[in-house]
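# An overview of the molecular structure
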Protein chains: 2
Amino acid sequence: MSVQPGYFDQFQHADIDELADAIGDLLQNPITIEDADHKLIAYSSHGESTDLARRSTIMGRRVPEKVLTRLWKDGVFQQLLTKEDPVHIPPKEDIGLGRRVAIAIRKGTDVLGYIWAQEENQPITEKDDEILRQAARVAVPRLVQRQGKRKAEEQRRKEFFWELLLGNHTSESFIKRKAESLQVELPAQYLICVIEAEETRLEQYLYPLLLRDKLLWVMDGAQLILLIGLNSQGGRENALLLRKVEQFLDDSLEKLVDHTPHGKATAGYGKIYSEYSDIVRSYREALHVLEVKRLFFEETRQIKGYHQLGIYRFLRQLKSWSDAEGYVNEQLKTLAAYDQDNQTHLLETLETYLDSAGKVNVAAQHLHIHINTLNYRLRRIEEIIQVDLDDQNQRTSLYLDLKLNKMPDTTGK
Amino acid sequence: MSVQPGYFDQFQHADIDELADAIGDLLQNPITIEDADHKLIAYSSHGESTDLARRSTIMGRRVPEKVLTRLWKDGVFQQLLTKEDPVHIPPKEDIGLGRRVAIAIRKGTDVLGYIWAQEENQPITEKDDEILRQAARVAVPRLVQRQGKRKAEEQRRKEFFWELLLGNHTSESFIKRKAESLQVELPAQYLICVIEAEETRLEQYLYPLLLRDKLLWVMDGAQLILLIGLNSQGGRENALLLRKVEQFLDDSLEKLVDHTPHGKATAGYGKIYSEYSDIVRSYREALHVLEVKRLFFEETRQIKGYHQLGIYRFLRQLKSWSDAEGYVNEQLKTLAAYDQDNQTHLLETLETYLDSAGKVNVAAQHLHIHINTLNYRLRRIEEIIQVDLDDQNQRTSLYLDLKLNKMPDTTGK
DNA sequence: CTGCCTTTTGTGAATTTTCACAAATCGCTG
DNA sequence: CAGCGATTTGTGAAAATTCACAAAAGGCAG
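Residues numbered from 1 in each chain as written. Chains lettered and ligands numbered in written order. Predicted model: local features only at pLDDT ≥ 70, side-chain atom pairs only at ≥ 80, totals over all residues. Heavy atoms only, no water.

The name given to chain A in an unreviewed UniProt entry is DNA-binding PucR family transcriptional regulator, with Brevibacillus fulvus as the source organism. Among the UniProt annotations of chain A, the heading Sequence similarities (unreviewed entry) holds the following wording: "Belongs to the CdaR family." (UniProt positions renumbered as here; feature names shortened; annotations may be inferred.)

Written as structure tokens, this is what we have:
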């Protein structure tokens, strides 16, 4: 089936449902048109469909969550968002989704919505793609009009969120009033999370997650900043809630790493607060986590929350104090000099040993050396820098100073 | 032998040597008069003496070091400094010191010098004490006159030292010039040491140490502040020099503890510097050590030097920073609450375990519990506060926060 | 090259730590 | 008081650590 250029021009000012019917007639198949949020906008009146997903979508006026999740997971949306052309989707029977073709309705780089065509009555071939392309083009102004208001509101919400992130508001009651007027639901407890990846279209990969929970979020360069609500006031169960946040982040990051070329993606989140004027705190804490993770990539691999930072919570501060004081750990200096002179690796040995919490077997494995070699080196270290590694104070001090030495100098700043 | 009151008045304006002769005549024994620094001022011309100490004193114009040290060690000077009456000293043949009697020449509480009477020709009885008392009284103006200038100089030296301690001078060349004009020998390398004891006459017990090495020192309340020179520029041997300083302090403290009722005496010293404008640093460091030792008495028992402080170097600053941030370690809070609710001692257990550098046998011994009990408690702690004690970061963090929690709140300040 | 020193690796025994399991104690609740 | 859960202590075996000693390898100076 083919169509002459400009065929759809007649529907320019018609009802969008008529457009759906027109496409359906041409393709001889059921059609649905959705906005970017997968809300149903129009659907063709093509008789009874056997497709479960279609029925659910029409009944619920939105594509079911289960279907969306699956399509994101399978990368269908990633294709839709990046390609101009229609995407042919094989059937996914386990979620009641028959074979179909979809195309994004786009204006510039923005995706305004989607046209879905089921292959129920007859197959849709590559030649039919042109029909969908033209239909997508003619649908644009309707969606623009439709989304215009929604987008402006969204914009005002994001601005409000930025104000909160930057700590512009200190009055709780003011924040509550403004949130209400913007129809933003502020949770009783929350935390701020920042996800960072080199991928520029970061938010696209996370759309389903962002939309599903109606979260407050903004982009800032390569960072996605979002407010995660924790619907529970019992402080006791916070541990459980945090585990859910961790799970969410792990999922998101896994998704990002799969789709980014270099696979670099990190996330950090701040502490849980309930006063909204503390949003700025949670945000800064999240940023602090990211900063630490850049500096101590290996050491902080499994850290995402500010409350897990441990010594890294104050290491930056400690570094600037030490620099200002002109402090240098003479022991580490001595050890570094010894390494230099004798081509040994005592400094690395010491750090690995301390990182391994004093477990010699673990440390030896990390260093790829015999356990006796490690013990010999440790005794050597104790001799050279006159330290007693069984003294927790001395040990802690060395551990911290080793980490401090890895940080960039702050005096130049 | 006795003497009428006012007998010595005739020597009021005579040469002090004549006074010595007069006493000698009355007691029929050799006499020496010394100033507070044990420099010889006068001696009776009573024939040849068999006493080795006397001969050495006269020949060297000062009491030999060996004799002084021994007399301090045996507590003779302590008696002389505290008692108004003459002190009868048994012979100490190993240092060539025959039997003798001595009395302090004092004006108010200040001791200006000493009169020594050997028992060579005939015994000196209790009845002769009055002679010595009167002689001591009449010797005062001569010694006052003699010491006036020296004392003024000493005063000016102390003032100079205070200026250095407070960092009033920043120009090295100025400091050097002023030191020279005051005849103060500044060592190439030095450190500042502060000794503190409840005993108010602290410096008296340490006189021999102070005088022997001609150190710069001042008293500040219960604190004795002194500058210790380290005559070596090779940075390599600093460890050895420091060990000597430690030895010196151990000796001094032992001496103090022996003589003070409650036995409280501590010392702290700063880092080694060579620029004299850094005296203020070394002094502040020494004070910092003392402050830390007050707060963490048990933990810092064997710490005296600033360089040994380890984590305590920055704990005070970290505390005030954490307080300002409103930081509280939720884990420790949880554990404390658990202890409260269940009458357990998990917090103490955790601290002891961490203090013991993770050695379970050591920690169990400290806590007087079975080793399995300790292991059980540790597993329990890991469960309750969701911590992995094999993770050095988490461990260190808990260790530091435990110490921080022991410090007084800084927000009230 | 030899001799000397430092470092690495190997071996084996003594000691310590870890772990699983069981018994006893204790406080609390129905 | 019986029963329950938390805690303490005991026992024994497996695993890890510590220690002493020895052999081998490597660099370096004479």
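What chain A contains, in helices and strands, is 15 helices and 9 strands. On C-alpha atoms alone, chain A measures out to a radius of gyration of 29 Å, which is more than a quarter above the 22 Å that the 2.2 N^0.38 rule sets for 413 residues. Judged by the C-alpha coordinates and their principal axes, chain A covers about 90 × 55 × 40 Å. Considering chain A as a whole, with its 413 residues, one finds that 51% of them fall into the buried category. Pairs at least 24 apart in sequence give 62% of the contacts found in chain A among residues at least 6 apart. For chain A, the accessible surface area stands at approximately 20,600 Å², while carbon and sulfur atoms represent 48% of it. Computed over 55 positive and 64 negative side-chain charges, the inter-centroid distance for chain A is 2 Å. (Helix = DSSP H or I, 4+ residues; strand = E, 2+ residues; numbered from the N terminus. Rg over C-alpha atoms; globule rule 2.2 N^0.38 Å. Buried < 20%, exposed > 50% of the residue type's maximum accessible area, 1.4 Å probe, protein only. Contact = heavy atoms within 4.5 Å. Areas by Shrake-Rupley, 256 points an atom, 1.4 Å probe, with all protein chains shown as cover. Lys, Arg positive; Asp, Glu negative; His and termini not counted. Charge placed at Lys NZ, Arg CZ, Asp CG, Glu CD.)

A few words now on the side chain of Asp278 of chain A. Looking at the secondary structure, you find Asp278 of chain A in the loop between β9 (265–269) and α9 (279–295). Excluding anything up to four places from it in sequence, Asp278 of chain A contacts Tyr190 and Tyr273 of chain A.

The pair of chain copies shares a relation made of a rotation about an axis and a shift along it. In the superposition of chain B on chain A (RMSD 0.3 Å, axial shift 0.1 Å), the rotation amounts to 180 degrees. Overall, the copies show the geometry of a two-fold rotation axis. Among all C-alpha atoms of chain B, that of Thr396 of chain B lies closest to the rotation axis, at 3.4 Å. The overlap is high: 100% of the interface residues of chain B also sit at the interface in chain A, so the same surface is used on both sides. (Least-squares fit on C-alpha atoms with pLDDT ≥ 70 in both.)

Moving on, we get to the protein's contact with DNA strand C. Within the structure, DNA strand C sits among 15 residues, and Tyr338, Asn372, Thr373, Arg377 and Arg380 of chain A are positioned closest to it. Taking all atoms of DNA strand C within 4 Å of the protein, the share assigned to sugar and phosphate is 68%. Take Tyr376 of chain A: an N or O atom from its side chain is 2.9 Å from a phosphate oxygen of DNA strand C. Asn361 of chain B is positioned with one of its side-chain polar atoms (N or O) 2.8 Å from a phosphate oxygen of DNA strand C. Only α14 (371–384) of chain A together with α13 (360–367) and α14 (371–384) of chain B provide two or more residues apiece to the surface near DNA strand C. Counting residues per element, the surface near DNA strand C draws most heavily on α14 of chain A, at 5 residues. Grouping the constituent residues of the surface near DNA strand C by class yields 5 nonpolar, 7 polar and 3 charged. (Near = heavy atom within 4 Å. Polar contact = N/O pair within 3.5 Å; in protein donor to acceptor, adjacent residues only side chain to side chain. Nonpolar A, V, L, I, M, F, W, Y, C, P; charged D, E, K, R; others polar.)

We now examine the domain arrangement of chain A. Taken domain by domain, chain A comprises domain 1 (7–147), domain 2 (166–310) and domain 3 (317–405). Domain 1 of chain A and domain 2 of chain A are separated by 33 Å when their C-alpha centres are compared. (Domains from an automatic or database assignment.)

Below, the discussion takes up the sheet that holds strand β7 (residues 216–220) of chain A. Residue and element names in this part refer to chain A. Strand order in the open sheet made by the 4 strands is β7-β8-β6-β9, with antiparallel pairing throughout. In the strand order of this sheet, the two ends are held by β7 and β9, each with one partner. Sheet twist, expressed as the mean angle between neighbouring strand axes with direction ignored, is 20 degrees. As paired strands, strand β6 (residues 190–197) and β9 are joined by 5 bridges and run antiparallel to one another. Paired with Cys193 across the bridge in β9 is Tyr269. Helix-sheet contacts for helix α5 (residues 129–165) involve β6, β7 and β8 (223–229), and the interaxial angle to β7 is about 80 degrees. Running at roughly 35 degrees to β6, α9 makes contact with β6, β7, β8 and β9 of the sheet. (Pairing = 2+ DSSP bridges. Axes fitted to C-alpha atoms, helices over the stretch in contact; angles between N-to-C directions.)

We now examine the protein's contact with DNA strand D. Taken together, 15 residues lie near DNA strand D, and Tyr338, His370, Asn372, Thr373 and Arg380 of chain B sit nearest. Among the atoms of DNA strand D close to the protein, meaning within 4 Å, 68% are from sugar or phosphate groups. The contact in question runs from a base oxygen of DNA strand D to an N or O atom on the side chain of Asn372 of chain B, over 2.7 Å. The contact in question runs from a phosphate oxygen of DNA strand D to an N or O atom on the side chain of Thr373 of chain B, over 2.7 Å. Elements with a minimum of two residues in the surface near DNA strand D: α13 (360–367) and α14 of chain A together with α14 of chain B. Take the surface near DNA strand D: its biggest share by element is 5 residues, from α14 of chain B.

Looking now at the pattern of salt bridges. This model, assessed by the stated rule, comprises 55 salt bridges over all chains. Here Asp51 of chain B and Arg100 of chain B are joined by a salt bridge, their closest N and O atoms 2.6 Å apart. Taken as a pair, Asp51 of chain B in the loop between β2 (40–43) and α2 (52–60) and Arg100 of chain B in strand β4 (residues 100–107) lie far apart in primary sequence, 49 residues in all. Just as Asp51 of chain B is buried, Arg100 of chain B falls in that class too. A network of salt bridges, in which partner residues are shared, links Glu299, Glu351, Asp355, Lys403 and Lys406 of chain A. (Salt bridge = Lys/Arg side-chain N within 4 Å of Asp/Glu carboxyl O.)

Glancing now at unusual backbone geometry. Although it is not a glycine, Ala357 of chain A sits at a positive phi angle of roughly 60 degrees. Counting through the fold element by element, Ala357 of chain A comes out in the loop between α12 (346–355) and α13. The phi dihedral of Gln28 of chain B is positive, around 55 degrees, even though this residue is not glycine. Tracing the backbone through its elements, the reader meets Gln28 of chain B in the loop between α1 (16–27) and β1 (31–35).

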